[in-house]
Amino acid sequence: CASASTPIAAAMVLKGLSPGAALVFLLAGPATNAATMTVVAKQLGKAAMIVYVAAIAVSSLAIGWLTNRLYFGMDIDITDWAGQAGHGTDSPFYIISATVLLLLLARNYLPQAKGKNSDCGCEQPPGGG
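Residues numbered from 1 in each chain as written. Predicted model: local features only at pLDDT ≥ 70, side-chain atom pairs only at ≥ 80, totals over all residues. Heavy atoms only, no water.

1. Describing the overall build of the protein chain
Then comes step 1: Scanning the protein chain from terminus to terminus reveals six helices and zero strands.
Then comes step 2: When the elements of the protein chain are put in sequence order from the N terminus, they spell out α-α-α-α-α-α.
Then comes step 3: Considering only residue pairs separated by 6 or more positions, the protein chain has 45% of its internal contacts joining residues 24 or more positions apart.
Then comes step 4: As presented, the protein chain carries roughly 9900 Å² of accessible surface, and 68% of it is formed by carbon and sulfur atoms. (Helix = DSSP H or I, 4+ residues; strand = E, 2+ residues; numbered from the N terminus. Contact = heavy atoms within 4.5 Å. Areas by Shrake-Rupley, 256 points an atom, 1.4 Å probe, with all protein chains shown as cover.)

2. Describing the confidence of the model for the protein chain
Then comes step 1: A residue-level look at the protein chain finds 75% of positions with pLDDT of 70 or above and a mean pLDDT of 80.
Then comes step 2: Ranking the helices and strands of the protein chain by mean pLDDT puts helix H4 (residues 46-73) first, with 91, and helix H5 (residues 78-83) last, with 64. (pLDDT = per-residue confidence, 0-100.)

3. Overview of the side chain of Ser60
Then comes step 1: Tracing the chain through its elements places Ser60 in helix H4.
Then comes step 2: Among the polar contacts listed, one links the side chain of Ser60 to the backbone oxygen of Ile56, at a separation of 2.7 Å.
Then comes step 3: For Ser60, the residues in contact, after removing those within four places along its chain, are Val24, Leu27 and Ala28. (Polar contact = N/O pair within 3.5 Å; in protein donor to acceptor, adjacent residues only side chain to side chain.)

The following block contains the structure:
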């Protein structure tokens, strides 16, 4: 859940959303999705689910408020340093990583070696067993 929410929260902060509100979005979103709520309700009961949601709401709002106070108190403007971040794709690390990824993907489509069982990758006994 959080892997999809992080870029959304970052974009919202760069558009003017406070860092505390973005943190509340990141904390409360994945913790209160339908799958989590269903599991909590089935395993612990509806009363525990209500306590769970209340705890998530109160704690995420408190942490978001504290985050905003911290940013304000330290006079930090997140758009200043986030806007200056660069992304270099010509680095040797990126080129090597991309090459390794492409080789691993290509390996998946190559025909299986003779004498290997395609289901488990183990050697077949003599006679085809």
